[in-house]
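Structural description and commentary
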Amino acid sequence: MIRTEHLTKDFGNFRAVDDLNLEIGTGEFFAFLGPNGAGKTTTIKLLTGLLKPTAGRAFIGGFDIQQHPIEARRLLAYVPDMPFLYDKLTPREFLRFVGELYGMDRARIERGIEELFELFSLGEHAHDQIETLSHGTRQRLVIASALLHDPKVFIIDEPMVGLDPRSARVVKDVLKERSRNGMTVFLSTHILHIAEELADRIGILNNGRLIAVGTMEELRVASGVMGALEDAFLTLTRAEEEEGVPAPEA
Amino acid sequence: MSASRVLGLLLALYGRMSQRRIQSLRDQSRLMLFVIGIFVVGYWIAAYVLFRSGFGYLLRVPGLGEVLMDRMLYLFFAFLLVMLFFSNVVIGYSTLFKSPETGWLLTMPIRYADVFRWKTVETVFLASWAFLFLAAPFVAAYGVVRDAAPAFYLKALLLFVPFIIIPGGLGLLVVLALTRFLHRQYFKWGLFTLGTVLVIFAGWYLRPVDAAQLQQTELVQSLNQLLANSRIALQPLLPSYWMATGMIAWGEGWSGRGLFFFLLLVSNAMMVLLVCSVVSQRLFYESWSRNKSQGTIGTPGQVFHRNLLGDSNCTWLERLMSLWPGLHPATRALMIKDMRVFWRDTSQWSQFVIFFGLLGLYVINLRNVSYDWNNQHWAGFVAFLNLGASSMTLATLTTRFVYPQFSLEIRRLWIVGLVPYGLKRVVLEKFWLSSAWSVCITFSLTCLSSWMLQLPGWMTILFCATAVLVSLGLCGIAVGIGALFPNLGSGSTANRYDNPAKIVSGFGGTFCFVVSMVYIALVIAAEAVPIYFSWGGNLTLNIVVAWLFVSLLSLLMILVPMSLALHKVSVLEV
């Protein structure tokens, strides 16, 4: 459902993403890890078409995001780390607007809104203006708006920022359940235990290069560390930085 | 989804949000709504009376009255065209490439061209509404002086629609080209260069008359000079020419000729939109991606910029500030930070440059008008107008740039509020820094204009001293009210405003602007009335008394808001 071929992005003389080859299947929950500045957000922007690659291609549901952006985006939902919202709208109005941009019919929009309001406990804020909502509530609203059109691919950057434990649990459960029902989830995070808990496969990016990809077990084997993901992550990134070890085939 | 459907959805959305803004304004402060209403109506009445008197005066010039009045129309729309163009370039860059909405819309399943089309509508509206607001009394006065039929006003409104689209579209095309082919960090330099070229061209075109001509006092010869210097506004390829000619024709009742120029404007506006549409399909996404993909560069300009304002271990700015004796290190750090933040925000300083660039152009152009130099009454009158114009421009700038400073600083209280420095000093630092730059600018402009007008020494000293006092007074008002009535936005910390343009749109910003305007009016009146009413009487005594009054008033304008602000921040809980 998500595929990249030799995806590369340069910012001036700095190579942010370096020859990234990745294939993520339908219904797979994929966690994307990496230290600060590794190129995770740049990769996401390339996958969503917000940036044009210097080289290589990115496909969403078989559509090249550069050649067929509208077809690809119909399948896609993206929640950035700093999402945009219209402050003077109410959550209900915002969701209606998003639904209309996706070309959904009115009945389906209203059904979706009710379901998502229930799921994310947004009902009590339905008629408040977004500018009055707390950070956590805004984050829940953004995730709800991204799920409204029932996307096939869900890309989320740092999903748990600002969420209280109860909301974080709801988000994790919803994403896992949707993933089981066929939605591909691409989750970028620094919080390793979330990746460990939810992901079917994990990719580790360092200095723009994919240094490891595989299941938790495969990463443990590749790193030679049998403990938690944190140990494997630190071992792999340190080894790459110190020795320039090529990405292990997991 | 069709382009019209996307545009319709966004227009409906923005309509609803505008309605909410007005409603919340009404709910939050009826007083502010009242103040704004009074100010709008007051401006329209004052401007209408001024324009009508001006047109009336021109009409009384024997034989040339109508020609002169029409020339004013051509000049007015030519200046409006240039200002609209620059306004669209600056606002277009922000709405296309800095607005988070653009990034969000680009992730939606809609065409890039539709996003660009919406941003065009937004840019043209944001860049033009204020000019239309300012132009309305001008057009109304022209219609009344011309005895135009009531339908004229509706037709004039119709003419404005294609007229604002043309500079809007052209401005956006320039933005796309600059962004596509120029590094992001050079955008401001590109814009600055464009502005400088324009000013040099205007300076060359409006070259001075020779000394012999300056001695001429005949009205007809002066008018000839004026007509010759303003011929550029009669270029038939300028949209402002079509606009003015259409308006003159409809004002005279020549329907066919008016319709021709209206259709000429419409067809050109549609052509500009068509070109925008075609170019945007090729360039918009390219420009967007390029704008977001640029790293830092090490060209000579960049190195100069870094050395001057940032990034190096010890910049020229830091060295310069270290020469200031007795300056507290924390104050110095805050000043350097403020200057860096200002410089790096293109939308901030470009507006600043445009405001004072136009004012500078106006002052320089004073030499080209054949005043009756021996008549000190007339020269003094023009000098008062200059003082008023400089002060009002400064009031706009202090409200726009100085007032939001404390609100912005409150967002950074986790650092500024916690260091052992104190918020009182932060407020004082804002006052001294803003006073320093505003005194430099207004003092030099006033000196220049006094020299151009060949004012006597005592008048030059009077105007320069007044300019300094007004600068300090306006900064006192802006910093004081900024701390007394900060605009932090609503809701959680995450929603608080970090955009100065948004901060200034609240009650505090409006209040600051109104107080500044009232203060300027009092200063001008205090100095002008004794001088003109005692012409030939005991002038010196009157001037001394007037200047003492202005000094006292300015002192009050500094001390009252500043001491209230200092008291407030000493007990502030955030």
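**A closer look at the overall build of chain B**
Helices and strands together make up the secondary structure of chain B, namely 23 helices and zero strands. Considering only contacts in chain B between residues 6 or more positions apart, those separated by 24 or more positions represent 81%. Summing over all exposed atoms, chain B offers an accessible surface of approximately 26,900 Å²; the carbon and sulfur share of this is 71%.

**Quick look at the overall build of chain A**
When helices and strands are tallied, chain A shows nine helices and ten strands. The long-range fraction of contacts in chain A, counting pairs at least 24 apart against all pairs at least 6 apart in sequence, stands at 67%. In the structure as shown, chain A presents an accessible area of about 10,200 Å², 48% of it carried by carbon and sulfur atoms.

**Let's talk about the sheet that holds strand β4 (residues 55-60) of chain A**
Residues and elements named next belong to chain A. The strand order β2-β1-β4-β5 describes an open sheet built from four strands, whose pairing is antiparallel. What marks the edges here is a single partner per strand, and that holds for β2 (14-24) and β5 (63-64). This element, helix α1 (residues 40-48), spans β1 (2-11), β2 and β4 of the sheet and lies at about 120° to β1.

**Points about the interface of chain B and chain A**
Accessible area lost upon the coming together of the parts is a frequently used measure of interface size. Counting residues at the interface gives 36 residues for chain B, matched by 35 residues for chain A. Buried surface at the junction of chain B and chain A, both sides included, amounts to about 3,200 Å², of which 60% is carbon and sulfur. Looking only at chain B, the three residues that lose the most surface to chain A are Arg20, Trp104 and Pro109 of chain B, adding up to 20% of its buried area. Residue Glu93 of chain A is joined to Arg20 of chain B by a salt bridge in which the shortest nitrogen-to-oxygen separation is 2.6 Å. Remark: the boundary between chain B and chain A carries twelve residue pairs in polar contact (both at pLDDT 80 or more). Secondary-structure elements contributing two or more residues to the side of chain B that touches chain A are α1 (3-28), α4 (100-105) and α11 (255-293) of chain B. Here the element with the most residues in the side of chain B that touches chain A is α1 of chain B; it accounts for ten residues. Of the residues assigned to the side of chain B that touches chain A, the class counts are 17 nonpolar, eleven polar and eight charged.

**Some remarks on the nonpolar core**
Core analysis: the largest hydrophobic core is formed by 153 residues, its most contacted members being Tyr86 and Phe154 of chain A. When near neighbours in sequence (up to four residues on either side) are disregarded, Tyr86 of chain A contacts Phe94, Phe97 and Ile130 of chain A together with Leu10, Leu13, Tyr14, Met17, Glu101, Trp104 and Leu105 of chain B. One finds Tyr421, Val426, Ile503 and Cys512 of chain B within the second-largest nonpolar core, a separate group that totals 50 residues.

**Examining the pattern of salt bridges**
Residues and elements named next belong to chain A. For the structure shown, the criterion picks out 33 salt bridges over all chains. Note that Glu100 is salt-bridged to Arg106, the shortest N-O span being 3.7 Å. Residue class for Arg106 comes out partly exposed when judged on its relative accessible area of 48%. Of the charged contacts, one joins Glu197 and Arg169 as a salt bridge, the two residues approaching to 3.0 Å between their closest N and O atoms. Residue Glu197 is located in helix α7 (residues 192-198), and its partner Arg169 is located in helix α6 (residues 165-180); the two are separated by 28 residues in the primary sequence.

**A closer look at unusual backbone geometry**
Backbone geometry follows two general trends: most residues other than glycine have a negative phi, and most peptide bonds adopt the trans configuration. Residue and element names in this part refer to chain A. Positioned with a positive phi, His6 is a non-glycine residue whose angle comes to about 50°. For His6, the location among the structural elements is in strand β1. Even without glycine at this site, Asp19 takes up a positive phi of about 50°. On the secondary structure map, Asp19 appears in strand β2.

**Focus: the packing of aromatic side chains**
Residue and element names in this part refer to chain B. Within the structure shown, the criterion is met by 37 aromatic pairs over all chains. Judged by centre distance (5.3 Å) and plane angle (25°), the rings of Tyr43 and Phe133 are stacked. Here Phe133 lies in helix α5 (residues 112-145) and Tyr43 lies in helix α2 (residues 30-59), a separation of 90 residues in the sequence. Accessibility expressed as a relative area gives 24% for Tyr43, which makes it partly exposed. For the ring pair Tyr112 and Tyr285, a centre distance of 4.5 Å and an interplane angle of 5° mean the geometry is stacked.

**Description of a nonpolar patch on the surface**
Residue and element names in this part refer to chain B. On the surface, a cluster of nonpolar side chains totalling about 340 Å² of accessible area is made up of Met271, Leu274, Val275 and Val278. With respect to the helices, strands and loops of the structure, Val278 is situated in helix α11. With relative accessibility at 44%, the residue Val278 sits in the partly exposed group.

**Some thoughts on the confidence of the model for chain B**
Overall, the prediction assigns chain B a mean pLDDT of 80, with 78% of residues at 70 or greater. pLDDT under 50 marks residues 491-495 of chain B. Its contacts with residues more than four places away, or in other chains, come to 13 contacts.

**Let's talk about the side chain of Ser471 of chain B**
Residue and element names in this part refer to chain B. Considering the arrangement of structural elements, one finds Ser471 in helix α20 (residues 457-484). Taking relative accessible area as the criterion, Ser471 reaches 0% and is therefore assigned buried. Polar contacts involving the side chain of Ser471 include one to the side chain of Thr442, which spans 2.6 Å. Apart from the residues lying within four places of it in its own chain, the contact partners of Ser471 are Leu394, Ser438, Val439 and Thr442.

**A closer look at the environment of Gly482 of chain B**
Residues and elements named next belong to chain B. Note that Gly482 resides in helix α20. Given the relative accessible area of 0%, Gly482 is considered buried. With sequence-adjacent residues up to four places away left out, Gly482 is seen in contact with Tyr403, Phe406, Ser407 and Ile477.

**Some thoughts on the sheet that holds strand β10 (residues 209-214) of chain A**
Sheets are built from strands that pair by backbone hydrogen bonding, the pairs being arranged parallel or antiparallel. Residues and elements named next belong to chain A. With mixed pairing, the six strands of this open sheet are ordered in space as β6-β7-β8-β3-β9-β10. Of all strands in the sheet, those bounded by a partner on one side alone are β6 (76-79) and β10. Neighbour-to-neighbour, the strand axes of this sheet turn through a mean angle of 15°, independent of strand direction. In this sheet, strand β7 (residues 153-157) lies alongside β6 in parallel orientation, the contact comprising four bridges. Paired with Ala77 across the strands is Phe154, a residue of β7. Contacts from helix α8 (residues 216-223) reach β9 (201-206) and β10, with the element oriented near 120° to β10.

**A closer look at the pairing of β7 of chain A**
Residues and elements named next belong to chain A. With five of its five residues buried, β7 lies for the most part within the structure. Along β7, one buried face is formed by Val153, Ile155 and Asp157 and the opposite face, lined by Phe154 and Ile156, is buried too. The sheet contact formed by β7 and strand β8 (residues 184-188) spans five bridges and is parallel. Within the sheet, the bridge partner assigned to Asp157 lies in β8 and is Ser188. Crossover connection from β7 via α6 to parallel β8: handedness right-handed.

The rules we used
- Every residue gets a number counted from 1 within its own chain, in the order that chain's sequence is written.
- Think of it this way: whatever chain is written first is A, whatever ligand is written first is 1, and the rest follow in order.
- For this predicted model, a pLDDT threshold of at least 70 governs which residues receive local features, and a threshold of 80 or more governs which side-chain atom pairs are given and counted, while totals over whole chains, interfaces and linings are taken from all residues.
- In computing side-chain properties, one takes all heavy atoms of the structure into account and sets aside hydrogens as well as water.
- Comment: elements are numbered from the N terminus, with helices defined as DSSP H or I runs of at least four residues and strands as E runs of at least two.
- Two residues qualify as a contact provided that any one of their heavy atoms is within 4.5 Å of a heavy atom in the partner residue.
- For accessible areas, the Shrake-Rupley method is used with a probe of radius 1.4 Å. Any residue's cover is judged against the shown protein chains and nothing else.
- Between any two strands, at least two bridges found by DSSP are needed for them to pair.
- With axes taken as lines fitted to C-alpha atoms, and helix axes fitted only over the stretch in contact, angles between N-to-C directions fall between 0 and 180 degrees.
- Using a 1.4 Å probe, buried area is obtained as the accessible area two parts lose upon being combined, added over both of them.
- When a carboxyl oxygen of Asp or Glu is within 4 Å of a side-chain nitrogen of Lys or Arg, the pair counts as a salt bridge.
- Whenever two N or O atoms come within 3.5 Å, that pair is a polar contact, provided that in protein one can donate a hydrogen and the other can accept it, and provided that, for residues adjacent in sequence, both atoms are side-chain atoms.
- Under the convention adopted here, Pro, Cys and the residues Ala, Val, Leu, Ile, Met, Phe, Trp and Tyr are nonpolar, Asp, Glu, Lys and Arg are charged, and Gly plus all remaining residues are polar.
- Side-chain atoms within 4.5 Å are what join buried Ala, Val, Leu, Ile, Met, Phe, Trp, Tyr and Cys residues into a set we call a nonpolar core.
- Burial status follows relative accessibility: with a 1.4 Å probe on protein chains alone, a residue under 20% of its type maximum counts as buried, one over 50% as exposed, and anything between as partly exposed.
- Only Phe, Tyr and Trp rings take part, Trp by its six-membered ring, and two of them pair if their centres are within 6.5 Å. Stacked means planes under 30 degrees apart, edge-to-face means over 60, and tilted covers everything else.
- Patch members must show over 30% relative accessible area and no salt bridge, and they are joined within 9 Å when carrying like charges or within 5 Å when they are nonpolar side chains of Val, Leu, Ile, Met, Phe, Trp or Tyr.
- A score between 0 and 100, pLDDT records how confident the predictor is in each residue.
- Seen with its strands pointing away from the viewer, a crossover is right-handed if its path from the first strand over the helix to the second goes clockwise.

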